[in-house]
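Close look at the chain arrangement
Below are the chains, spelled out letter by letter.
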Amino acid sequence: MSAHRRNNTEPAPTAPANMMNVDGDDHRPAGKPIPQAVLVYHESAHSIVFRDGLRRQQGAIRQASSLMERSASVLGERSAAKGMGGERVGGGCHGRDDDSAVDVGVGVGATRPSSRGGENGGGVVVDPRLHKRHSLPVVVGRRREEQDAGYESGGSRGSGSSMSSGGIGVHRSRSVASRNAREVKPQSPAMRPAVIANFQPVIEPLEPLDLNASNIFEPLLHADPATLEMTDAESEVVELLRKEQAVVKTIRNADWSAFLQKFKPAEGDGAGKRERHPAERGRHNKSRPKTTDIDFPFNSFVTSTSLLPSCAKKMRCFGSTGEYAVGVVFALPAGFPNDESEDDAAKRTLTWSWPSGYSAKTEFNIDDYGNLINGREEALVSLSGLRKMNNSYLHDKDYIVGGRMVHGGLTTIPYNEVYVRVGGLGRISGGVDVSTGRICNDAAGSGRSFDLGIGLPVALFVREADFGHLVRLLRTRARYSAIIGFDAAHDIPLLYITPERGVRVFTQELQHQVLKVMARDLNPFQNPMLAHKTSFENTSEPYLRQKLEELLDLDDDNIKGVLTPEEMARIAGGFGATDESVAKLLDKAVQRDRIEKKSNLQDIVNEGLAFALRANDYHTSRQLLILYTLVAAKSRGESESKPLLDADEGYLSDTSKRSSSSKSWRDAEKNIETKGGVKELLFRDERTLGLETLHPPPPPPLDTDRLRSATNSDGLLAVLGAAQVLRAMQDKSAKRRVSECIDAMDKWIQKGEQSVAFRVAAWRDQRAAQGDLKIAMENDSNMMAFLSNKAIDNRKKFVKQLRDAAAVTDFDSLKFLKSIHSMLAQMNSPCLRLELLQYVLGLDNRYSIAHVSRSVELAATCLSLSESEVFSEDGKLMTKGAKSSA
């Protein structure tokens, strides 16, 4: 373990930038202040094992800092900027002056290209991402060969400045002239802690984007149907609302799945059923019109709706916009020759209507014989009567609301109520059922009817124009598609309805604008109702199912023609997208990589992971990592000349089978602590998985250093940790570090067996490090374990496990992960052993036993699925031994 100090200023032309030694000798050029010394914990197994030697050097380093400060004070020079490293924040070092002259940052386990040079043959490791928004500072440390030479001495060898594998350090972002012009004032020893490699001192979240869920999408406010170019379906719905031939219903956010499921027929012949009207309990002897010979594809049932005034103006809908965010529009039957015939049909079929401001509460005001009670029947009005009232609300100054005359009118009118039968038929547009392609004629009895149902919703709408509601509208359409079917939801009109503006159309062009904003400037977010129900530790089946139903489909030609692959990846990670569309997106990236000889695939996945981190969404980040591994494995098995997917095929082209396509990998870790969960699935005898003959390597490494330093979420740490584990396996750094750990631990054991004092000192420094570094330990180190031989026995066993693992594995297959997982399962309260495993895998101090275990399990899930999943010739995902789902 070694430490070094580095001058923050450029060396003078006549002399090198010499350092003040620990004895206080000053070799600096006269009249020039000496910058503060920097203590570096080198990222190596030796620096972890022999931590006590480094800690003992802190006194000498602080003494040197004190002498520098005293010297600077005598000279009377005032600093124009903060010293290197800045102030201590959260136990680490991070500071920046106003001119960004000096930065200190964190980099964990990342190998970056170095630019040789600097002082005495040292070099500065250059971070190629400095020009990007959320880049890490350049990392400075010592070269690996200098670390190896200084393991045993515990002192400083040379003043080189290059670190080959991550850590914490300093970079300078000014020119030579600018840096020489700045004078550095040394900080007091109390303000200057040691810089710790592989230590995350403070979480630095990604910078927020410009917009959030509460910002208004202004173009929608001005989307007047009279000035828009609309589709035929949109024009038809707008005309229905203008003529008051449509009713609307708002749905409670928590009731959407139940509402949509009511339309779906029970398993069997698929024929829809007519649910009994509550009033029909006492009317069995009364005849209804004879049912036609048409088999209706959906169930029909009665529900409360509202008949809005012309163009949907002035009347508010039921419920608050927060709890009832999205609503549906149903078209009423057409073809009646006059209002009287429509009223007669409504009365005969028990289609009840009540005026604005009257609370019918139908479910509570029907007796056992099916009769309306408590004055509800006397308050009924006809549909034509509702339209007359609506016209009065829009054009008269004085009118009746709730049985009272309102002089001067109201700005907003309370909703009315129409108790009507919905369902039966599918969504009818242009006289055709879009679900079945069947011609529907209301007048001929083959279309909508009050008795058999007015069909599925013909449009969806929201009542707020902010991004939160618009994203919820898109997710509701996705759920409509997942439950009812793709055909019924495809191109369904989306509307914005308010009493002040009436109806506004959320056209395809406006949807594309919103998607662009979602991918660039909108801070992503989960469904607020699901955010705390689908976390890493708390994921209930109903809420997870709803989350899967709300995944957006990015494999739409309209979307693919508007968004770039990077933008689609951001939406997938931040807001959620279907497995099929994400897999196809990654496949396209692989094809681009083959043509352009670039790494588009890794860049796209990292974009998605960054937005998943912004949304704090464990499930979308896990989805991206697993699908990335599967696509990478599939690309290695395909010839370079063969396309990975047909132009018109996805992993599952049949959207009705989406749930089954996701089940094979989504269930892999659902109950990781239960019998039959991931541990038994992934770590059973390798022969059952055929691992003795098939070892697909890990996917190309993902650079997630910045993302790991920006979150403390358990779930996201597990996903990003799994990506780092796969990276350590793929770039062979795990193999090198295991060898280093074995060597370092052997030396510690040898010294520990020879000296009790050494073990006591090691325990003392271990405890101090636990407090200073906030290492992810559940319990403090037990002194008795060090006084006795327990600590030595534990570490001997640990070394043996590492040595056995190194002997039987190539570090790039499930065997390596199985060995690591076995070690973790046998640990109770590890300190040093856990630190070494963190080092081997390239993880930082926040990764507790549980975090490391979960990261290893997810990495094993990725590798296991890449071995057990194969792809049929048409590109669809299927499990070995199973028939294709196509």
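Up top is the structure.
Residues numbered from 1 in each chain as written. Predicted model: local features only at pLDDT ≥ 70, side-chain atom pairs only at ≥ 80, totals over all residues. Heavy atoms only, no water.

Quick look at the sheet that holds strand S12 (residues 352-354) now. Strand order in this open sheet of 3 strands is S10-S15-S12, and the pairing throughout is antiparallel. Only two strands of the sheet have a single neighbouring strand rather than two, namely strand S10 (300-305) and S12. Strand-to-strand twist in this sheet, taken as the mean axis angle between neighbours without regard to direction, amounts to 30°. The pairing of S10 with strand S15 (residues 417-423) spans 6 bridges and is classified as antiparallel. Following the sheet pairing, Val302 is matched in S15 by Arg421. (Pairing = 2+ DSSP bridges. Helix = DSSP H or I, 4+ residues; strand = E, 2+ residues; numbered from the N terminus. Axes fitted to C-alpha atoms, helices over the stretch in contact; angles between N-to-C directions.)

This part covers helix H25 (residues 733-754). With 22 residues, H25 extends 32 Å from end C-alpha to end C-alpha; this agrees with the ideal 32 Å at 1.5 Å per step. For H25, the complete set of buried residues consists of Ser733, Ala734, Arg737, Val738, Glu740, Cys741, Ile742, Ala744, Met745, Trp748, Ile749 and Gly752. (Expected span 1.5 Å × (residues − 1). Buried < 20%, exposed > 50% of the residue type's maximum accessible area, 1.4 Å probe, protein only.)

What follows deals with unusual backbone geometry. The phi dihedral of Asn374 is positive, around 55°, even though this residue is not glycine. With respect to the secondary-structure elements, Asn374 resides in the loop between S12 and helix H9 (383-395). One non-glycine residue, Asn616, lies in positive phi territory at about 55°. Along the polypeptide, Asn616 turns up in the loop between helix H18 (600-615) and helix H19 (618-637). We classify Asn616 as partly exposed; its relative accessible area is 44%.

Take the pairing of strand S11 (residues 326-331) next. In terms of burial, S11 is a largely internal element, 6 of the 6 residues being buried. Side chains Val326, Val328 and Phe330 project from S11 onto one buried face, and the interleaved Gly327, Val329 and Ala331 project onto a second face that is buried too. Bridge analysis of strand S9 (residues 246-251) against S11 gives 6 bridges, and the strand direction is antiparallel. Note on S11: the bridge partner recorded for Val247 is Phe330. In terms of strand pairing, S11 meets strand S18 (residues 459-462) through 4 bridges, oriented antiparallel. Among the inter-strand pairings, Val329 is bridged to a residue of S18, identified as Ala459.

Our focus in this paragraph is the nonpolar core. Core analysis: the biggest nonpolar cluster contains 148 residues, and Phe506, Met518, Phe816 and Leu817 have the highest contact counts within it. Among the elements that line this core, the one with the most residues is helix H24 (residues 714-730), at 11 residues. Counting 24 residues, the second largest nonpolar core, distinct from the first, contains Leu240, Val329, Ala459 and Leu495. (Core = buried A, V, L, I, M, F, W, Y, C linked by side-chain atoms within 4.5 Å.)

In the structure shown here, the tally under the stated rule is 13 aromatic pairs. Summarising the aromatic geometry, the rings of Tyr393 and Tyr399 are spaced 5.1 Å apart at their centres and angled 70° between planes, so their arrangement reads as edge-to-face. Neither residue differs from the other here; Tyr393 and Tyr399 are each classed as buried. Through a chain of ring-to-ring contacts, three or more aromatic side chains come together here, namely Trp256, Phe259, Phe263 and Phe301. The ring of Phe611 carries the charged tip of Arg614 above its face, separated from the ring centre by 5.8 Å. Positioned over the ring face of Tyr839 is Arg737, at 5.1 Å from the centre of the ring. (Phe/Tyr/Trp six-rings, centres within 6.5 Å; stacked < 30°, edge-to-face > 60°. Lys NZ or Arg CZ within 6 Å of the ring centre and 35° of its normal.)

Now for the packing of helix H28 (residues 790-808) against helix H30 (residues 832-841). Running from amino to carboxyl end, H28 crosses H30 at an angle of 25°, the nearest separation of the two axes being 10 Å. Accordingly, the angle class assigned to the pair H28 and H30 is roughly parallel. From H28, Asn794, Arg795 and Phe798 reach across to H30, where they touch Leu832, Arg833, Leu836 and Leu837. The class makeup of the residues in the contact of H28 with H30 is 4 nonpolar, 1 polar and 2 charged. (Parallel < 35°, antiparallel > 145°, perpendicular 65-115°, else oblique. Contact = heavy atoms within 4.5 Å. Nonpolar A, V, L, I, M, F, W, Y, C, P; charged D, E, K, R; others polar.)

Let us look at the pattern of salt bridges. Note that side chains of opposite charge can pair when their charged atoms are close. Taken as a whole and assessed by the stated rule, the structure comprises 23 salt bridges. In this structure, the salt-bridge partner of Arg252 is Asp255, at a minimum N-O distance of 3.3 Å. Here Arg252 falls in the partly exposed class, since its relative accessible area comes to 31%. The partner of Asp555 in a salt bridge is Lys584, and the shortest N-O contact between them spans 3.8 Å. One end of the pair, Asp555, is in the loop between helix H14 (541-549) and helix H15 (557-560); the other, Lys584, is in helix H17 (residues 579-596), with 29 residues separating them in the sequence. The exposure class of Lys584 is buried, given its relative accessible area of 5%. Overlapping salt bridges, with partners in common, bring together Asp703, Asp705, Arg708 and Arg727 in one network. (Salt bridge = Lys/Arg side-chain N within 4 Å of Asp/Glu carboxyl O.)

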